[in-house]
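# Tertiary structure, described
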Amino acid sequence: RGVQAHRLCPPRGAGSSLEPEERSMEPPAVPEEEEEEEKEEGAVPLSMAPGPVGCQLFGYVGIEAVLDQMKIKTMKTGFEFNIMVVGQSGLGKSTMVNTLFKSKVSRKSSQPGQEERIPKTVQLQSITHVIEEKGVKMKLTVTDTPGFGDQINNENCWDPIIKYINEQYERYLREEILITRKRKIPDTRVHGCVYFVPPTGHWLRPLDLEFMRRLSKIVNVVPVIAKADTLTLEERAEFKQRIQEDLKTHAISVYPQEDFDQDPEDRALNDRIREKIPFAVVGADQEHQVNGKRVLGRKTKWGIIEVENPAHCEFPLLRDLLIRSHLQDLKDITHNVHYESYRVRRLNESNRPG
């Protein structure tokens, strides 16, 4: 009977309902054929598959306080902004910069009381100021280009400007590749270049097209129509349309570039800005009394042109673009796009044999 009972009882692991089944904690073996198919198809295991992990908070953590920390730190350390103005003499570049920052930040004549002589070649002049507003400090550097486009033969007059911009990239790169680096590398890179187009009312000159074609590859170029009060509203609208057609025909990408729009909201905002470019601006650094208020403007025989009035000119659009809405974006694109392309090119040149 013992032998018969032993024969009737199934062996352990054979699926007996009387004894618990021993199960291994290891995953079941996968046949080799299935493994090869998964490798060929590039399948990712479920445990390795990336995906968003959401977590619902059931109390206040204080993550939003990070914004206050960043604000306090920025107010203590301040930040840097470097702008370049390019255009012929007499287009109001210095006045426009003074109007933007509501202070005397443009270059001054070496001898007061005498008119500044036009140099024979393009000579770049940089002036640095520290501006403070409501506890926020900004180190502003304004680079002017006297002599640009003032000669009879303006061949290669953009070379000193390109050289200067690349020199600032090179200076930053040398500080960045040091073994012992500074905690904060001085940033002298040009974040934005405002190009002043003469108010001819016709088409862009070959000089304008060639300058923007070359410079838009290494810096953020913002074209503006200088002294727009010399044009009627009809002439101004027609001139802007012709400039937009010229930029599109010659594939010149000015700021804000369509390729760098990150999300739909940025694209919608930048599309509205691109429809207005180039901005028709008027500069003035003197105040006048209008309806009991002190306003910046230019006094003419027909009245006062209010600089900050959108019905008179598009200076508020330029100010908002450069300072109030896109200042940090100008710095980010300069660092992540223009400087990055320069850095890659220079490192490739240094690693090239011979």
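Here the structure is a predicted model, which means the values were calculated and not measured.

For the rest of this paragraph, the subject is the overall build of the chain. When you go through the chain residue by residue, the secondary structure sums to 10 helices and 9 strands. A burial count over the chain gives 35% of its 354 residues as buried. Within the chain, contacts between residues separated by at least 24 positions form 67% of all contacts whose residues are at least 6 apart in sequence. A total of about 24,100 Å² of accessible surface is found on the chain, and carbon and sulfur atoms cover 51% of it.

Further remarks concern the pattern of salt bridges. Evaluation of the coordinates by the stated rule reveals 18 salt bridges. Among the ionic pairs, glutamate 170 bridges to arginine 174, the shortest N-O distance being 3.3 Å. With glutamate 170 and arginine 174 both in helix α5 (residues 159-176) and 4 residues apart, the pair spans about one turn of that helix. Residue lysine 240 is joined to glutamate 314 by a salt bridge in which the shortest nitrogen-to-oxygen separation is 2.9 Å. Taken as a pair, lysine 240 in helix α7 (residues 233-249) and glutamate 314 in the loop between β9 (303-306) and α9 (315-325) lie far apart in primary sequence, 74 residues in all. The buried category is assigned to glutamate 314, whose relative accessible area is 11%. When salt bridges that share partners are traced, they join Lys102, Glu308, Arg319, Asp320 and Arg324 into one network.

Here the chain averages 83 in pLDDT, while 80% of its residues score no lower than 70. Across residues 1-11 the pLDDT falls below 50, and counting only partners more than four positions away or on other chains, this stretch makes 1 contact in the model. Within the model, pLDDT remains below 50 along residues 109-114, and this stretch shows 2 contacts once partners closer than five positions in the same chain are excluded.

The rules behind these values
Residues numbered from 1 in each chain as written. Predicted model: local features only at pLDDT ≥ 70, side-chain atom pairs only at ≥ 80, totals over all residues. Heavy atoms only, no water. Helix = DSSP H or I, 4+ residues; strand = E, 2+ residues; numbered from the N terminus. Buried < 20%, exposed > 50% of the residue type's maximum accessible area, 1.4 Å probe, protein only. Contact = heavy atoms within 4.5 Å. Areas by Shrake-Rupley, 256 points an atom, 1.4 Å probe, with all protein chains shown as cover. Salt bridge = Lys/Arg side-chain N within 4 Å of Asp/Glu carboxyl O. pLDDT = per-residue confidence, 0-100.

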